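Examination of the molecular architecture
Here is how the chains run, residue by residue.
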Amino acid sequence: MLQTHPTTTEWITEEIASGIQILTLNRPEKKNAMTVDMYQALSDALHRAELDDTVQVSILTGKGPDFSAGNDINEFLEIANAPEKMASIMSFLQAITTYKKPLFAAVEGRAVGVAATILLHCDMVFTARDTQLIFPFVQLGLVPEAASSYLLPKLVGHQKAFEILMLGDPVLAQEAQQLGLVNHLCESGETLHLAQTYAERLATLPNEAVMLSKELLKCRTLDDIQMALMREGRIFKDRLKSPEAKSKFEHFLNR
Ligand code: COA
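Small disclaimer: the values here were computed from a predicted structure and weren't measured. (Residues numbered from 1 in each chain as written. Predicted model: local features only at pLDDT ≥ 70, side-chain atom pairs only at ≥ 80, totals over all residues. Heavy atoms only, no water.)

Topic: the pairing of strand β4 (residues 57-62)
The condition that has to hold: Per-residue accessibility, obtained with a 1.4 Å probe over protein chains only, is compared with the maximum for each type, and a residue is labelled buried under 20%, exposed over 50%, and partly exposed between these values. Each helix is a run of H or I in the DSSP string that is no shorter than four residues. Each strand is a run of E no shorter than two, and both are numbered from the N terminus. Whether a crossover is right-handed comes down to one check: with the strands pointing away from the viewer, does the path from the first strand over the helix to the second run clockwise; if it does, it is right-handed. Here, strands pair whenever DSSP counts at least two bridges between them.
In terms of residue burial, β4 counts as a mostly covered element, since six of its six residues are buried. Residues of β4 alternate between two faces, with Val-57, Ile-59 and Thr-61 on one and Ser-58, Leu-60 and Gly-62 on the opposite face, all of them buried. Taken together, strand β3 (residues 20-25), helix α1 (residues 36-51) and β4 form a β-α-β motif whose crossover is right-handed. Of the pairings in the sheet, the one linking β4 to strand β5 (residues 103-107) comprises four bridges and is parallel in character.

Dropping the structure here:
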């Protein structure tokens, strides 16, 4: 039975059906750019799902043609002056890093910034054939976040990670799949359906065995991920206030 839960912001919707929680970034008019309230609603929903025996798998997706344009750039400017607002972002990153149940992503169109780096934490990633993963941190005067400075070189090797993170050229879906960042590709508009098909298969497996196996797969890297989050977080916070980053944010907002 489909249950629809209200979240603390209308820009995140939560539905649960047949053991699958679907969390949708629902701000298509702004390319699902992520606000502090959206991070908070996502981490609250993941915490609830972790305690809810009826949820076996969570899927993160976005409404509209693009998964997400990453962090809301207006909020980057606000956070630069009020760094305590980073708390909700950090709490969301903790929630996906430590989430005990399988976490999938169904990614249409573009996934930019944090919307690309969180995919590195997901257990299965499904994208459209025309999806692009874009990591524009250095171009914006920032540094990589969400432990991507650790996870990306670990997954694809230093040289490839360096190129992706420094130059910010879009990683096209097919290359992302070859690099091991994406499990399966499909036609545009079908990623959620494909992710649900795999989630349904997982939901029929013995739940405890699934969670214990995920823990075994992830436990060796957890300390390194936490270290990377802390190290990046310190530098990222400072970079938000830097003249380099501020001028890039203003340039985007005044286009
Ligand atoms: N923060 C705030 N608003 C954003 C946003 C973001 N990250 N990304 C897009 N938007 C807004 C745009 O300002 C625009 O708002 P408007 O209609 O009120 O002018 C709306 O979303 C649509 O975006 P637009 O740029 O017109 O769409 P597009 O299809 O031409 O381009 C992107 C899509 C994602 C390539 C482009 O919006 C972009 O580069 N966004 C910034 C991505 C980014 O740098 N994120 C931070 C990463 S650390």
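Notes on α1
We count it as follows: Helix span, expected: 1.5 Å multiplied by one less than the number of residues in the helix.
The end-to-end C-alpha distance of α1 is 23 Å, a good match for the 22 Å that 16 residues give at a rise of 1.5 Å each. Taken as a whole, α1 has its buried residues at Val-36, Met-38, Tyr-39, Ala-41, Leu-42, Ser-43, Ala-45, Leu-46 and Ala-49.

Side note on the sheet that holds strand β9 (residues 171-172)
Sheet architecture is open: three strands sit in the order β6-β8-β9, paired in mixed fashion. At either margin of the open sheet sits one strand with a lone partner, and together these are β6 (110-112) and β9. For strand β8 (residues 132-134) and β9, the ladder comprises two bridges, and the chain directions are antiparallel. Paired with Leu-133 across the two strands is Val-171, which belongs to β9.

Description of the nonpolar core
As a reminder, the rule being used: Here, nonpolar core means buried Ala, Val, Leu, Ile, Met, Phe, Trp, Tyr and Cys residues that are tied together by side-chain atoms lying within 4.5 Å of each other. By definition, residues are in contact when any of their heavy atoms lie within 4.5 Å.
Core analysis: the largest hydrophobic core is formed by 67 residues, its most contacted members being Leu-133, Leu-142, Leu-240 and Phe-249. Per-element accounting of this core gives the leading share, eight residues, to α1. Beyond its immediate chain neighbours, meaning those up to four positions away, Phe-249 contacts Ile-73, Phe-76, Leu-77, Leu-140, Leu-142 and Leu-240.

Focus: the pattern of salt bridges
Rule in force here: Any carboxyl oxygen of Asp or Glu within 4 Å of a side-chain nitrogen of Lys or Arg constitutes a salt bridge here.
Counted under the stated rule, the structure contains ten salt bridges. One salt bridge connects Arg-27 with Asp-72, and the closest N-O pair in it is separated by 2.8 Å. Of the two residues, Arg-27 is situated in the loop between β3 and α1 and Asp-72 in the loop between β4 and α2 (73-81); the sequence distance between them amounts to 45 residues. We classify Asp-72 as buried; its relative accessible area is 7%. Between Asp-238 and Lys-241 there is a salt bridge; the shortest N-O distance is 4.0 Å.

Comments concerning helix α3 (residues 86-98)
For α3, built from 13 residues, the straight-helix expectation of 18 Å at 1.5 Å per residue is met to within 8% by its first-to-last C-alpha distance of 18 Å. Those residues of α3 that fall on the buried side of the exposure criterion are Met-86, Ser-88, Ile-89, Phe-92, Leu-93, Ala-95, Ile-96 and Thr-97. Where α3 is buried, its residues contact α1, α2, β5 and α9 (207-240).

Overview of the state of the cysteines
As a reminder, the rule being used: Only a pair of cysteine sulfur atoms within 2.5 Å qualifies as a disulfide here.
On inspection of all chains with the given rule, the structure shows zero disulfides. With no disulfide of its own, Cys-122 lies 15 Å from the sulfur of Cys-186, the closest cysteine sulfur. Between Cys-219, a free cysteine, and Cys-122, which holds the nearest cysteine sulfur, the sulfur-to-sulfur gap is 19 Å. Relative accessible area serves as the criterion here: at 41%, Cys-219 is assigned to the partly exposed category.

A look at the packing of aromatic side chains
Selection rule: Geometry of aromatic contacts follows a simple scheme: Phe, Tyr and Trp rings, the Trp one being its six-membered ring, pair when their centres are within 6.5 Å, and the pair is stacked under 30 degrees between planes, edge-to-face over 60, tilted otherwise. Only when the NZ atom of a Lys or the CZ atom of an Arg is both within 6 Å of the ring centre and within 35 degrees of the ring normal do we say a charge sits over the ring.
Here the structure, examined in full by the defined rule, presents five aromatic pairs. Summarising the aromatic geometry, the rings of Phe-76 and Phe-249 are spaced 5.1 Å apart at their centres and angled 20° between planes, so their arrangement reads as stacked. Here Phe-76, found in helix α2, pairs with Phe-249, found in helix α10 (residues 243-253); they are 173 residues apart in sequence, far enough to count as distant. Ring geometry for Phe-104 against Phe-126: centres 5.6 Å apart, planes inclined by 55°, an arrangement best described as tilted. One end of the pair, Phe-104, is in strand β5; the other, Phe-126, is in strand β7 (residues 124-128), and 22 residues separate them in sequence. For Phe-104, a relative accessible area of 1% corresponds to the buried category. Accessibility expressed as a relative area gives 0% for Phe-126, which makes it buried. Connected via pairs of aromatic rings, a cluster forms that spans Phe-76, Phe-236 and Phe-249. Just above the ring of Trp-11 sits the side chain of Arg-27; from NZ or CZ to the centre is 4.2 Å.

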